[in-house]
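# Chain and residue survey
Okay, here's what each chain looks like letter by letter:
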Amino acid sequence: MKDKKSFEQLVKHALDGGAARAVLIDSDQIIVDDRVRLKCRVPLCAHYNRNLTCPPNTLTVSEFREILKNYSRALLLQVKGTGCEDEDVRQAELKVQNLISELETKALMEGNYFAAGFATRCRLCPECVGVQSGEPCRHPFKARPSLDAAGVDIFRTSKNAGVPFNPLDRDELYFAGILLLS
Ligand code: SF4
């Protein structure tokens, strides 16, 4: 799985599956910044402490920073949104979530058994069970932690990867996911 051709097949799978952009990058091109997670609280996101894949319910920025040292490569993908309405955003985020979990499984089956995917906040359920319910995740093998929670600065990471990403451009909304590979 560690050969270039196998990684390129993951890129092809991402593009065939509906990603607008998919590229392989070195893991040290992924920028981790504590301020990304800060922005989940300032201003307070409606999903904070309510979605199981959002802070503070998933791994910390420090943990992600340490874990990242064990990976050499990554696949960065972007899905293009169709609009700014909540359902448009939900559909795009769902696509990222589904693609990342599919790619992670594919990588795992081909021998990259530490492949780990990060996506947007999870939108697999119309409403997350939330922490207070005490109920388990309804789709534990599909839900993936959010990149924001891990502190990934997707703007600078995309720039490092040579692909555009402008979160302020409402006409060209993209949603990103990253699959860590070793
Ligand atoms: S699959 Fe459902 S319950 Fe699990 S994290 Fe996603 S939205 Fe929440």
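All values derive from a computational prediction rather than experimental measurement.

Procedures and definitions
Residues numbered from 1 in each chain as written. Predicted model: local features only at pLDDT ≥ 70, side-chain atom pairs only at ≥ 80, totals over all residues. Pairing = 2+ DSSP bridges. Helix = DSSP H or I, 4+ residues; strand = E, 2+ residues; numbered from the N terminus. Axes fitted to C-alpha atoms, helices over the stretch in contact; angles between N-to-C directions. Near = placed C-beta within 6 Å. Nonpolar A, V, L, I, M, F, W, Y, C, P; charged D, E, K, R; others polar. Buried ≥ 20, exposed ≤ 12 C-beta atoms within 10 Å, placed from the backbone. Contact = placed C-beta atoms within 7 Å.

One open sheet holds the four strands; their spatial order is E1-E2-E4-E3, and the pairing between them is antiparallel. Two strands in the sheet have a free side with no partner beyond their single neighbour: strand E1 (21-26) and strand E3 (116-118). When strand polarity is set aside, the average angle formed by the axes of neighbouring strands in this sheet is 20°. Taken together, the six bridges between E1 and strand E2 (residues 73-80) define a ladder with antiparallel strand orientation. Its bridge partner lying in E2, Val23 is registered against Leu76.

What follows concerns the site of the ligand. Around the ligand, a shell composed of Asn51, Leu52, Thr53, Cys122, Leu124, Cys125, Cys128, Val129, Cys137, Arg138, His139 and Ala143 is seen. Broken down by class, the residue content of the shell around the ligand amounts to eight nonpolar, three polar and one charged.

Bringing the environment of His13 into the picture now. Mapped onto the secondary structure, His13 falls in helix H1 (residues 4-16). Assessed through the 18 C-beta atoms surrounding it within 10 Å, His13 is described here as partly exposed. The spatial distance from the C-alpha of His13 to the C-alpha of Lys106 is 9.4 Å, given a sequence separation of 93 residues. Residues within four places of His13 in sequence aside, it is in contact with Leu103 and Lys106.

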